[in-house]
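Structural overview for review
So the chains spell out like this:
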Amino acid sequence: MDYSNFKKETELHIRDKSISTKQTKKRFMWLDIAKSIAIFLMIEGHLAPYAGTVRNFIYSFHMPLFFIATGFTAHKVTTRKELFILLKRDLLRIYIPCLLFQLINGLLSFFIYHENAIASLRLRLDQVFWASAFDVNGHSCLGICWFLIALFWSKTIFNLIQLLFPSRYNGAIYLSFALIGKALASSQIYLPQNLDVCFMVIFFIYIGFIFRQIYPTFKQYQLLITCIAFGIWAYLVDHGIWIDVGGRMYPDLIPDILGAICGTIFIFSLSEALESCSVLAKFLAFIGRNTMIIFFVSFIDWIGISLWARGYYYSYVARPVFVLALIIIIVKTDLTKATYQFKNN
């Protein structure tokens, strides 16, 4: 065997793989930009008056965008080994961080408000068990972390369906889940771990998965499709049609889903346009890559609630600036530490 040729071929393979990875990351920088837009709109949405124009606009697409983006980056699961690898990864990256967030939140609340330790523990466990964005059946809400619990279970169920039903028509299964989720919401039947919401989330993940497959075709007609999507989205929002996934509010199922998809398409195209500005793109992509930190900061920023309570217009500026500043400090500290360790090894 000619080991010199084998070595050259191996080196070429590694180099090609590295180039391919870089190209993929560069190609989908717009996805991180879209996430950064959605995450800051999420912060603003929690401040905006209920049923107001600003809130309706934000809620028409911002959470579905995250789920569609998740589906866009998903791949088809064909073996049980793949399923368990993804399950383990999501457990470590999504579910366990959520539990840690809840633990830190509980400790802060215990020390600040001097809560009873046993009562506080029971409350936190109950919140995680139901994992709802609002109080249900007499159980306290988990708050913003409902998203992480729903994302974990939705991805797991999505992957499981891919494995068990490899048919090209399995979209009917995902649509069925959405209909079940709608029926449960209409009947005010709430399931532990926010599973009734997951049934709706699964469908949005599937939409993102399909969008990835037709993405080359979408690129050919992107301007036309984006203009049509924007028109539909603007019309629906103007007529008060929007979706609140966490709040289980999707009264007009088809228009609600359509508006969310159209709004997401527009934000995706807007993000691709923003990608052309290198400085702005790097900044927004940086935010998009650190959404978990933003979730954590947003989860515990009740500590500064007196600041946000000064008024909506003040809050629109103060809260995002606070969150962004804290993210930069955390990430910069982490990068500095990693660089120091690298230099000393």
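Procedures and definitions
Residues numbered from 1 in each chain as written. Predicted model: local features only at pLDDT ≥ 70, side-chain atom pairs only at ≥ 80, totals over all residues. Heavy atoms only, no water. Helix = DSSP H or I, 4+ residues; strand = E, 2+ residues; numbered from the N terminus. Contact = heavy atoms within 4.5 Å. Areas by Shrake-Rupley, 256 points an atom, 1.4 Å probe, with all protein chains shown as cover. Expected span 1.5 Å × (residues − 1). Buried < 20%, exposed > 50% of the residue type's maximum accessible area, 1.4 Å probe, protein only. pLDDT = per-residue confidence, 0-100. Phe/Tyr/Trp six-rings, centres within 6.5 Å; stacked < 30°, edge-to-face > 60°. Lys NZ or Arg CZ within 6 Å of the ring centre and 35° of its normal. Core = buried A, V, L, I, M, F, W, Y, C linked by side-chain atoms within 4.5 Å. Patch = residues over 30% accessible without salt bridge, like charges linked within 9 Å, V, L, I, M, F, W, Y side chains within 5 Å. Salt bridge = Lys/Arg side-chain N within 4 Å of Asp/Glu carboxyl O. Axes fitted to C-alpha atoms, helices over the stretch in contact; angles between N-to-C directions. Parallel < 35°, antiparallel > 145°, perpendicular 65-115°, else oblique. Nonpolar A, V, L, I, M, F, W, Y, C, P; charged D, E, K, R; others polar.

It is worth spelling out the overall build of the protein at this point. Each helix and strand counted, the protein has 16 helices and zero strands in total. In the protein, of all internal contacts separated by at least 6 residues, the share reaching a separation of at least 24 is 76%. Carbon and sulfur atoms provide 68% of the accessible area of the protein, an area that totals close to 18700 Å².

Along an α-helix, a turn takes 3.6 residues, which lines up residues three or four apart on a common side. Taking 1.5 Å of rise per residue, 17 residues should cover 24 Å, and helix H2 (residues 29–45) covers 24 Å from first to last C-alpha, within 8% of that figure. Taking burial as the measure, the 17 residues of H2 include 15 buried ones, the bulk of the element.

Turning next to the side chain of Asn56. Tracing the sequence through the fold places Asn56 in helix H3 (residues 53–59). In this structure Asn56 comes out as buried when scored by relative accessible area, which is 12%. With sequence-adjacent residues up to four places away left out, Asn56 is seen in contact with Ala51 and Trp242.

A separate point is the confidence of the model for the protein. Predicted confidence across the protein gives a mean pLDDT of 83, with 79% of residues reaching 70 or more. Per-element confidence in the protein ranges from a low mean pLDDT of 45 for helix H1 (residues 3–27) to a high of 97 for helix H9 (residues 195–213). Every residue in residues 6–26 scores below 50 in pLDDT, and together they form two contacts with partners more than four places removed in sequence or on other chains.

A few words now on the environment of Gln162. Topologically, Gln162 is positioned in helix H7 (residues 146–164). Accessibility expressed as a relative area gives 1% for Gln162, which makes it buried. Residues Gln162 and Leu83, 79 residues apart in the sequence, show an inter-C-alpha distance of 9.5 Å. Residues contacting Gln162, with those up to four places away along its chain left out, are Lys76, Val77, Asn170, Tyr174 and Phe209.

Here we take up the packing of aromatic side chains. Across all of its chains, the model carries 33 aromatic pairs by this definition. With centroids separated by 5.3 Å and ring planes inclined at 85°, the aromatic side chains of Phe61 and Trp233 adopt a geometry described as edge-to-face. Of the two residues, Phe61 sits in the loop between H3 and helix H4 (62–72) while Trp233 sits in helix H11 (residues 222–238), which places them 172 residues apart along the sequence. Like Phe61, the residue Trp233 is buried in the burial classification. The interplanar angle of 80° and the centroid separation of 5.5 Å between the aromatic rings of Phe72 and Tyr215 together place this pair among those described as edge-to-face. On the criterion of sequence distance, the pair formed by Phe72 in helix H4 and Tyr215 in helix H10 (residues 215–220) is long-range, its members being 143 residues apart. Here Phe72 falls in the buried class, since its relative accessible area comes to 0%. Directly above the aromatic system of Tyr59 lies the positively charged group of Arg55, at a separation of 3.9 Å from the ring centroid. Between Arg212 and the ring centre of Phe72, over which it is positioned, the NZ or CZ distance is 5.3 Å.

Take the nonpolar core next. Ranked by internal contacts, the top residues of the largest apolar core, which has 86 residues, are Ile39, Phe67, Trp146, Phe147, Phe204, Val245 and Phe268. Residue contributions to this core peak at 13 residues, all from H9.

The next subject is a nonpolar patch on the surface. Together, Leu91, Leu92, Ile96, Leu100, Leu103, Leu107 and Phe111 make up a nonpolar patch on the protein surface, roughly 650 Å² of accessible area in all. Position of Leu103 among the secondary structure elements: in helix H5 (residues 80–113).

Turning to the packing of H4 against helix H12 (residues 253–274), a few remarks are in order. Axis angle and axis distance: for two packed helices, these are the angle between their axes and the distance between the axes, and together they describe the pair. Following both chains from N to C, one finds H4 and H12 inclined at 70°, their axes separated by 9 Å at the closest point. If you check the angle between H4 and H12, you find them roughly perpendicular. Across from Pro64, Leu65, Ile68 and Ala69 in H4, the residues of H12 making contact are Ala260, Ile261, Thr264, Ile267 and Phe268. Here the contact of H4 with H12 is built from residues that sort into eight nonpolar, one polar and no charged.

Even without being a glycine, Asn137 presents a positive backbone phi close to 50°. Position of Asn137 relative to the elements: it lies in the loop between helix H6 (117–130) and H7. At Gln193, a residue that is not glycine, the phi angle is positive and equals roughly 60°. Among the secondary structure elements, Gln193 is positioned in the loop between helix H8 (171–186) and H9. Exposure remark for Gln193: the relative accessible area of 12% places this residue in the buried category.

Next up on the list: the pattern of salt bridges. The tally for this structure, following the rule as stated, stands at five salt bridges. Here Asp90 ties to Arg89 by a salt bridge, and the two come within 3.7 Å at their closest N and O atoms. Arg89 gets classed as partly exposed once you look at its relative accessible area, which sits at 34%. Salt-bridge contacts for Asp196 lead to Arg248; the nearest nitrogen and oxygen are separated by 2.4 Å. Taken together, the residues span a long stretch of sequence, with Asp196 in helix H9 and Arg248 in the loop between H11 and H12 at a distance of 52 residues. Each member of the pair, Asp196 as well as Arg248, carries the same accessibility label: buried. Salt bridges here are not isolated pairs; linked through shared partners, they connect Arg89, Asp90 and Lys155.

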